[in-house]
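Summary of the model geometry
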Amino acid sequence: MTVPLDAHVVLRGVAKRFGDGPPVLAQVDFAVQLGSFVSLIGPSGCGKSTLLRMIAALSPATSGEILIDGRSPERGQPGVAFIFQEPTLLPWLPVQANIEVPLRIRRVARAERERRAAEMLRLVRLEHVRGHYPRELSGGMKMRVSVARALVQSPRLLLMDEPFGALDEMTRHHLNEELLEIREAERWTAFFVTHSVAEAVFLSDRILVMAARPGCIVADVPVPFAYPRGPELREQRDYHDLVDRVAQLLRAGEKGEGR
Amino acid sequence: MNGRLLRWLLPMAGGTALVGLWYALRHAFGIPAWLLPVPHEILEALGRERALIGAAAWQTTQSALLGFLSAAAGGLVCAILLASSRPVRLALYPYLLILQMTPVIVLAPFIVLWAGRGMGSIVIVTFIVSFFPVVVNTTHGMVSTDRGLVELFDVCNAGPLQRIFLLHLPFATPYYFAGLRIAATLAPIGAIFAEYVTGSIAGGTGGLGFLASVFNQRQMRAELLAVALTSCVLGFVFLAVIATVNRLLLRRWHASATPADA
Ligand SMILES: Nc1ncnc2c1ncn2[C@@H]1O[C@H](COP(=O)(O)OP(=O)(O)OP(=O)(O)O)[C@@H](O)[C@H]1O
Ligand SMILES: [Mg+2]
């Protein structure tokens, strides 16, 4: 594999198995360019979360090499933030305090913490609920708090594991648009796991399609639409054609073709 | 009928039925007063002996409160130690169980030997009785912290102290209070039991327990039940204080302290 010079994340021959079970991931190779938005899509259980967790150093690769900015991943490394499938908010803290949690862990001074959290609240349009507790929020609002909590760390690399998977379609569309809007200003590299083809096409400039048992990448699809993208993209012919093509690749991968 | 009215009416109805049954038993079977005093006799006894019972209740309250507070603090510290390290947990937990399963009546004479016959012994017995539910509940809460939240702290590479104070302890607060509730009902009973035991061992230190042993020896049955009534009231007061603190602290986030429809 040739690694581009501006690679932010590189995986070389990464494999994973849990204990002496069957291999979950076999021979995964790819590089994510600096500033790109890459989506990873694949059938349930193909190892998408496992892959993401290895990049975040939450679990070690069995073999192969993972590099972020040319170095092995470490827990808590500055510049990397993670958004989970669940909002994972601390129920005993109000919204703003939840957003400040990663900064508290990194011992950022209180005034600075509050300033940055307030800025994030503006960014995700939640200023009006800053003092509310998580149980008082809707599912979509909770997820926006979770996004804010990741962005408050000023990440250069944002790892997202099906962050909007549990939301209804309309809310998901809104949050997709908001995410792209925020990225216009911040330009972090995004690595986004999803099971929705439409979401992957709408958000990313490149889609990696996975197949299962063992997990591997079966297609690497560039998405040619220019940013900034708005909701009108979803009405375009090219968009739907690409969604259909990626869906086909996904089905072909599931049947074991193209390996 | 609205729910709040029912919440008051139903216990009153239940209580009235029980008291009715009590009087009915006494009269239907012609049971003498010394064998089964009825409520108004108990209240009369309480009125007669109010000075004695009041002073004893105050003595007991002090011991129970000290024992309870030390169990609340000691239990918390012990839970933090147990929850922070699996080896420590494995090494100590069985012995905590043994301490709990040893009948206090066996330990009490030793405690009196070591700590003397005064309030110290009574506080120690109360501590032993109410310590266990606090430790067990709090430890359980801390180790069952939501996996997703733990992963958030993993991703940020939080240190062990940060995990305890920002994550596990707040998560375990409702469990801590569940333990405190049990401890609050046990503490007055523990204190009274200890007073009863130390009183009979060593000539008396006052308190409801000692008073109970005196009334018992003199076969003053209505007075004895007046002591029981007083200790129930004491237990309810303890419980009410804990429930109120629980509600104030957890109101905004935990189901145990929030009304279902709010
Ligand atoms: N801690 C673990 N121990 C053992 N097996 C595991 C563990 N975590 C994941 N697996 C296995 O690895 C495989 C991939 O799991 P993973 O969660 O990565 O899938 P996924 O692609 O994220 O699926 P989904 O789309 O449903 O989230 C599954 O077969 C799962 O059973
Ligand atoms: Mg997953």
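Procedures and definitions
Residues numbered from 1 in each chain as written. Chains lettered and ligands numbered in written order. Predicted model: local features only at pLDDT ≥ 70, side-chain atom pairs only at ≥ 80, totals over all residues. Heavy atoms only, no water. Helix = DSSP H or I, 4+ residues; strand = E, 2+ residues; numbered from the N terminus. Buried < 20%, exposed > 50% of the residue type's maximum accessible area, 1.4 Å probe, protein only. Contact = heavy atoms within 4.5 Å. Areas by Shrake-Rupley, 256 points an atom, 1.4 Å probe, with all protein chains shown as cover. Near = heavy atom within 4 Å. Polar contact = N/O pair within 3.5 Å; in protein donor to acceptor, adjacent residues only side chain to side chain. Pairing = 2+ DSSP bridges. Right-handed = clockwise from strand over helix to strand, strands pointing away. Buried area = accessible area lost by both parts, 1.4 Å probe. Salt bridge = Lys/Arg side-chain N within 4 Å of Asp/Glu carboxyl O. Axes fitted to C-alpha atoms, helices over the stretch in contact; angles between N-to-C directions. Parallel < 35°, antiparallel > 145°, perpendicular 65-115°, else oblique. Left-handed = near helix turned anticlockwise from the far one by under 90°. Nonpolar A, V, L, I, M, F, W, Y, C, P; charged D, E, K, R; others polar. Domains from an automatic or database assignment.

Along chain B, the regular secondary structure elements total ten helices and zero strands. In chain B, the order of α-helices and β-strands from amino to carboxyl end is α-α-α-α-α-α-α-α-α-α. C-alpha extents for chain B along the principal axes are approximately 75 × 60 × 30 Å. The buried share of chain B, taken over its 262 residues, is 42%. When contacts within chain B are restricted to residue pairs at least 6 apart in sequence, those whose partners lie at least 24 apart make up 69%. Looking at chain B as shown, the accessible area adds up to about 14100 Å², and 72% of this sits on carbon and sulfur atoms.

This brings us to the site of ligand 1. Residue and element names in this part refer to chain A. Inspection of the region around ligand 1 gives F18, V24, S44, G45, C46, G47, K48, S49, T50 and E162 as its neighbouring residues. In the model, an oxygen atom of ligand 1 is placed 2.5 Å from a nitrogen or oxygen of the S44 side chain. A distance of 3.2 Å is found between an oxygen atom of ligand 1 and a side-chain nitrogen or oxygen belonging to E162. Compared with its free state, where it exposes 630 Å², ligand 1 has 54% of that area covered by protein. For the shell around ligand 1, the element with the highest residue contribution is helix 1 (residues 48-55), accounting for three residues.

Bringing the pairing of strand 6 (residues 157-161) of chain A into the picture now. All names here are of chain A. For strand 6, the buried fraction is high: five of the five residues fall into the buried class. Residues L157, L159 and D161 line one face of strand 6 and the alternating positions L158 and M160 line the opposite face, and both faces are buried. Pairing between strand 5 (residues 80-83) and strand 6: four bridges, direction parallel. Bridging from a neighbouring strand, F82 pairs with L159 of strand 6. The pairing of strand 6 with strand 7 (residues 189-194) spans five bridges and is parallel. Residue L158 lies in a different strand from strand 7, and its bridge partner there is A190. Chirality of the crossover, the property in question, places the unit of strand 6, helix 5 (residues 169-186) and strand 7 among those that are right-handed.

This brings us to the side chain of E223(B). All names here are of chain B. Assignment of secondary structure puts E223 in helix 10 (residues 221-250). Engagement of the side chain of E223 in a polar contact is seen with the side chain of R48, the distance being 2.7 Å. Sequence-distant contacts of E223, that is, excluding residues within four places in its chain, are made with A45, R48, E49 and F215.

Residue and element names in this part refer to chain A. A cis amide bond links Y227 to the next residue, P228, at an omega of -5 degrees. Secondary-structure assignment places P228 in the loop between strand 9 (216-222) and helix 7 (237-255). Phi is positive for E162, close to 45 degrees, though the residue is something other than glycine. One can find E162 in the loop between strand 6 and helix 5.

Between chain A and chain B, the residue contacts involve 24 residues of the former and 19 residues of the latter. Note on chain A versus chain B: buried area summed over both sides is about 2100 Å², and carbon and sulfur give 64% of it. At the junction of chain A with chain B, the criterion picks out two salt bridges. Notably, a salt bridge pairs D154(B) with R75(A), separated by 3.7 Å at the nearest N-O pair. Viewed at the interface, chain B and chain A are joined by four residue pairs in polar contact (both at pLDDT 80 or more).

Counted residue by residue, strand 3 (residues 37-41) of chain A has five buried out of five residues, so it is predominantly covered. The alternating pattern of strand 3 of chain A places F37(A), S39(A) and I41(A) on one face and V38(A) and L40(A) on the opposite face, and all of these are buried.

Let's shift gears to the packing of helix 2 (residues 95-105) of chain A against helix 3 (residues 110-123) of chain A. All names here are of chain A. It is the contact of helix 2 with helix 3, at a shortest axis distance of 9 Å, that shows an interaxial angle of 125 degrees. On the basis of the axis angle, helix 2 is oblique to helix 3. Between helix 2 and helix 3 the crossing geometry is right-handed. On helix 3, the residues touching V95, Q96, I99, E100, L103 and R104 of helix 2 are R113, E114, R116, A117, A118, M120 and L121. Per-class residue counts for the contact of helix 2 with helix 3 are seven nonpolar, one polar and five charged.

Our focus in this paragraph is the domain arrangement of chain B. How large an interface is tends to be reported as the accessible area lost when its parts come together. Residues and elements named next belong to chain B. For chain B, the domain assignment lists domain 1 (1-31) and domain 2 (37-257). Between domain 1 and domain 2, the contact holds four residues from the first and six residues from the second. Buried surface at the junction of domain 1 and domain 2, both sides included, amounts to about 480 Å², of which 61% is carbon and sulfur. Contact with domain 2 buries surface across domain 1, with W22, Y23 and R26 losing the most and accounting together for 95% of the total.

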